[in-house]
Amino acid sequence: MSYSIEPAYLVQNELTRLIMKAGTEPVNKWFFTDGAFSPDSQLERAPNTWMHENFVVIEDKEILAYFEAFWSKPLNIITSFRFIVFNKRKTNAVGKALFQYFEYLFVSRGCKAFNWIVAEKNYHAHRIYEKFIKNYFGHKVGMRHNGQMAYNGEISDVYLYEITQEEYFIWKKKKDSAGKC
């Protein structure tokens, strides 16, 4: 079984259903930074890699995860990123796809910096991001007060993270010289 990364518009109807379903689960209440989801404004009907990109990870016709990145051109940086895993039993495939996506961004697209936030009260995701930057690449930029609202109206501070192209290439060089990921 192998996964693929595909443009989200190819599976727009199914992806919209999955996001709406996942968005009602309490564990995902922090996924939408403004507390809401509008499929018409969020999912592209056609690929647009100039301003933003929406990708899915698919394995055996099942959507495992969704990546959404917003570009700031001509600075060539990602200013915001959303990531949701639909099938928690397939985290290995999703993890490999995420590293493949970073390769695409930093090598193929020449991304200079990749930024994202996580709600302080989104404890699970916050722990994952802290482990990620400790074990791989990236750094915490700081904290913004009252930066995000959950769908239930709860307000949280947010942590800001960043990965620079330089950090990614340093990690990649170490990984390649060690022969592991």
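Described below are features of the structure shown in this document. Only a predicted model underlies this, so the values are computations on that prediction, with no experimental measurement involved. (Residues numbered from 1 in each chain as written. Predicted model: local features only at pLDDT ≥ 70, side-chain atom pairs only at ≥ 80, totals over all residues. Heavy atoms only, no water.)

## Quick word on helix α5 (residues 165-178)
In this model, α5 (14 residues) spans 20 Å end to end at C-alpha, consistent with the 20 Å of a helix rising 1.5 Å per residue. On its buried face, α5 is in contact with α3 (91-108) and β7 (155-164). (Helix = DSSP H or I, 4+ residues; strand = E, 2+ residues; numbered from the N terminus. Expected span 1.5 Å × (residues − 1). Contact = heavy atoms within 4.5 Å.)

## Quick notes on the pairing of strand β6 (residues 139-149)
Bridge count between β6 and β7: seven bridges; the pairing is antiparallel. In the sheet register, Met-143 faces β7, and the bridge partner there is Tyr-159. In this structure, the hairpin formed by β6 and β7 is closed by a connection of five residues, where Gly-153 is found at a positive phi of approximately 90 degrees. (Pairing = 2+ DSSP bridges.)

## Side note on the sheet that holds β6
Pairing in this open sheet of seven strands is mixed, and the strands run β1-β2-β3-β4-β5-β7-β6 from one edge to the other. Lying at the two open borders of the sheet, with one neighbouring strand each, are β1 (3-7) and β6. On average, each strand axis in the sheet is tilted by 25 degrees relative to the strand beside it, whichever way the strands run. Its contacts with the sheet place helix α1 (residues 12-23) against β2 (52-59), β3 (62-72) and β4 (77-85), and it is angled at close to 90 degrees to β3. (Axes fitted to C-alpha atoms, helices over the stretch in contact; angles between N-to-C directions.)

## Points about the nonpolar core
The biggest cluster of nonpolar side chains holds 33 residues, and the ones touching the most others in it are Phe-81, Phe-102, Phe-114 and Ile-163. Looking at this core, the elements with two or more residues in it are β2, β3, β4, α3, β5 (113-119), α4 (123-135), β7 and α5. Per-element accounting of this core gives the leading share, nine residues, to α3. In contact with Phe-114, not counting residues within four places along its chain, are Ile-78, Phe-81, Tyr-101, Phe-102, Leu-105, Phe-106, Tyr-161, Glu-162 and Ile-163. Of all hydrophobic cores here, the second largest spans eleven residues; its members include Ala-8, Phe-31, Val-56 and Ile-84. (Core = buried A, V, L, I, M, F, W, Y, C linked by side-chain atoms within 4.5 Å. Buried < 20%, exposed > 50% of the residue type's maximum accessible area, 1.4 Å probe, protein only.)

## Examining the pattern of salt bridges
Taken as a whole and judged by the stated rule, the model has nine salt bridges. Linking Glu-53 and Arg-109 is a salt bridge whose minimum nitrogen-to-oxygen distance equals 2.3 Å. Highlighted residues: Glu-53 in strand β2 and Arg-109 in the loop between α3 and β5, separated in sequence by 56 residues. For Glu-53, a relative accessible area of 1% puts it in the buried group. Note that Glu-68 is salt-bridged to Arg-82, the shortest N-O span being 2.9 Å. (Salt bridge = Lys/Arg side-chain N within 4 Å of Asp/Glu carboxyl O.)

## Observations regarding the packing of α3 against α5
For the pair α3 and α5, the least separation of the axes is 10 Å and the interaxial angle reads 125 degrees. Taken together, α3 and α5 sit at an angle that is classed as oblique. In the crossing of α3 with α5, the sense of the turn from one axis to the other is left-handed. On α5, the residues touching Phe-99, Phe-102, Glu-103, Phe-106 and Val-107 of α3 are Gln-165, Tyr-168, Phe-169, Trp-171 and Lys-172. Of the residues in the contact of α3 with α5, the class split is seven nonpolar, one polar and two charged. (Parallel < 35°, antiparallel > 145°, perpendicular 65-115°, else oblique. Left-handed = near helix turned anticlockwise from the far one by under 90°. Nonpolar A, V, L, I, M, F, W, Y, C, P; charged D, E, K, R; others polar.)

## A short note on the side chain of Ser-156
Relative to the helices and strands, Ser-156 is located in strand β7. The class of Ser-156 is buried, set by a relative accessible area of 1%. Among the polar contacts listed, one links the side chain of Ser-156 to the backbone nitrogen of Lys-121, at a separation of 3.1 Å. The contact partners of Ser-156, leaving out residues within four places of it in the chain, are Trp-30, Ala-119, Glu-120, Lys-121, Asn-146, Gly-147 and Gln-148. (Polar contact = N/O pair within 3.5 Å; in protein donor to acceptor, adjacent residues only side chain to side chain.)

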